[in-house]
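Chain and residue survey
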Amino acid sequence: MTVAISDADFGQQADGHRGELHVHCYRMLASFHEADDAVQETFLRAWRHRTTFDGANLRAWLYKVATNVCLDMLRQRSRHQRQITSFPDVPWMTPYPDRMLDQVVAGPDSTAIDRETIALFFLAALQTLPPRQRAALIARDVLGWSADESAELLESSIASANSAVQRARATMREHLPQSRTEWGGSPTPKEQEILDRFIDAHERLDAGAALSIASEDIRVTMPPYPWLFEGLDQIIPLLERAFGEEREGDWKLIPTMTNRMPSAASYVRRPGDTKFRAMKLDVLRVDGDKIKEITTFGPDPFEALGLPQTVAG
């Protein structure tokens, strides 16, 4: 039976879940800006169909609406994009500012947003899953929902939902690093040290120092471009262009955090300029005392990160 709820109460209660719904849509879509669009559409649909809400569990109902919105968006995307099989195949990937993750209200029904479930590597692995498997895995292994709740979310049988989760887990194991369960929610002292050394090497234009903290099998990707650089031999030319005589200018870097991973916002001061201007964002995946992976984005995320577009020289 439908339980009466005033429009004002519905709007106020629904808005309290906006932050976690945004993170949910981001996990489904791997795009910060597409998550914005998905949440907006979620609230429009929820408002239009508010009279169908039975009053039992608004959070679960909103997640169901948001999941359907994301599935619709993914169907539209699949018409124009190739199948995803590996990290470089995710050109729409964008970072998520930690300062916004921290603003998500950690109420009694909310799930902690730790690195294991929000790191870029995890998001990229999710993109290899068919959309319904992705939704099933997020419901069970990220949100911690029961088989019954997951089936309700997907509007499927429990057996079907369980099967989707099992297939998704098998695929994820093929793409995720073995040590992922050891990741915490904030950078370790060693990660902070590596980030500091990464910044120092760039500002001193010291290619040798940068190489000393790079893993031999380091990977560098640059969404939205399908470029992949693997191993020290392939990143040496990148460092020569960044630090050598033909470089664009001098560097100034600001430490930050995205997706619970150590990151650095880079600014370049070109010859004749008096200011350092926003250039790129590097997100680091550190393994032990080496950088295992760098995902480089353009300066678009700076605004969401609360970073300026220019820095004084």
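Cut-offs applied
Residues numbered from 1 in each chain as written. Predicted model: local features only at pLDDT ≥ 70, side-chain atom pairs only at ≥ 80, totals over all residues. Heavy atoms only, no water. Helix = DSSP H or I, 4+ residues; strand = E, 2+ residues; numbered from the N terminus. Buried < 20%, exposed > 50% of the residue type's maximum accessible area, 1.4 Å probe, protein only. Contact = heavy atoms within 4.5 Å. Areas by Shrake-Rupley, 256 points an atom, 1.4 Å probe, with all protein chains shown as cover. Expected span 1.5 Å × (residues − 1). Arc of directions from axis to C-beta. Axes fitted to C-alpha atoms, helices over the stretch in contact; angles between N-to-C directions. Parallel < 35°, antiparallel > 145°, perpendicular 65-115°, else oblique. Left-handed = near helix turned anticlockwise from the far one by under 90°. Salt bridge = Lys/Arg side-chain N within 4 Å of Asp/Glu carboxyl O.

**Considerations on the overall build of the protein**
Of regular secondary structure, the protein possesses 13 helices and seven strands. For the protein, the residues scored as buried account for 48% of the 313 residues in total. Long-range contacts, defined here as pairs at least 24 residues apart, represent 64% of the contacts in the protein between residues at least 6 apart. For the protein, the exposed surface amounts to about 15100 Å²; the carbon and sulfur share of it is 50%.

**Details of unusual backbone geometry**
A cis geometry characterises the amide bond from P223 onward to P224, with omega recorded as 10°. Its location among the elements puts P224 in the loop between β1 (214–222) and β2 (225–230). A positive phi angle, near 55°, is found at N259, a position not held by glycine. One non-glycine residue with positive phi stands out, namely R260, at about 60°. Its location among the elements puts R260 in the loop between β3 (250–258) and β4 (261–269).

**With respect to helix α12 (residues 232–243)**
Since there are 3.6 residues in each turn of an α-helix, residues three or four apart along the chain are aligned in direction. Between its first and last C-alpha, α12 extends 16 Å over twelve residues, near the 16 Å set by a 1.5 Å rise per residue. When α12 is considered as a whole, its buried residues turn out to be I235, L238, L239, A242 and F243. The arc enclosing the buried residues of α12, seen along the axis, measures out at 115°, which places them on a common side. Relative to its buried face, α12 has exposed residues pointing more than 90 degrees away, namely D233, E240 and R241. Contacts from the buried residues of α12 go to α10 (189–203), α11 (207–212), β1, β2 and β3.

**Considerations on the packing of helix α2 (residues 18–29) against helix α3 (residues 32–48)**
Between α2 and α3, the shortest axis-to-axis distance is 8 Å and the interhelical angle comes to 125°. Put simply, α2 runs oblique to α3. Between α2 and α3 lies a crossing of right-handed hand. Facing R18, L21, H22, C25, Y26 and L29 of α2, the residues of α3 in contact are F32, E34, A35, D36, A38, V39 and F43.

**So, the pattern of salt bridges**
This model, assessed by the stated rule, comprises 27 salt bridges. E20 serves as the salt-bridge partner of R59, at 2.9 Å between the closest nitrogen and oxygen. Remark: E20 occurs in helix α2 and R59 occurs in helix α4 (residues 58–78); sequence separation between them is 39 residues. The two residues R59 and E20 agree in class, both being buried. R45 is the salt-bridge partner of D72, the closest N and O atoms lying 2.9 Å from each other. Of this pair, D72 sits in helix α4 while R45 is found in helix α3, placing the two residues 27 residues apart along the sequence.

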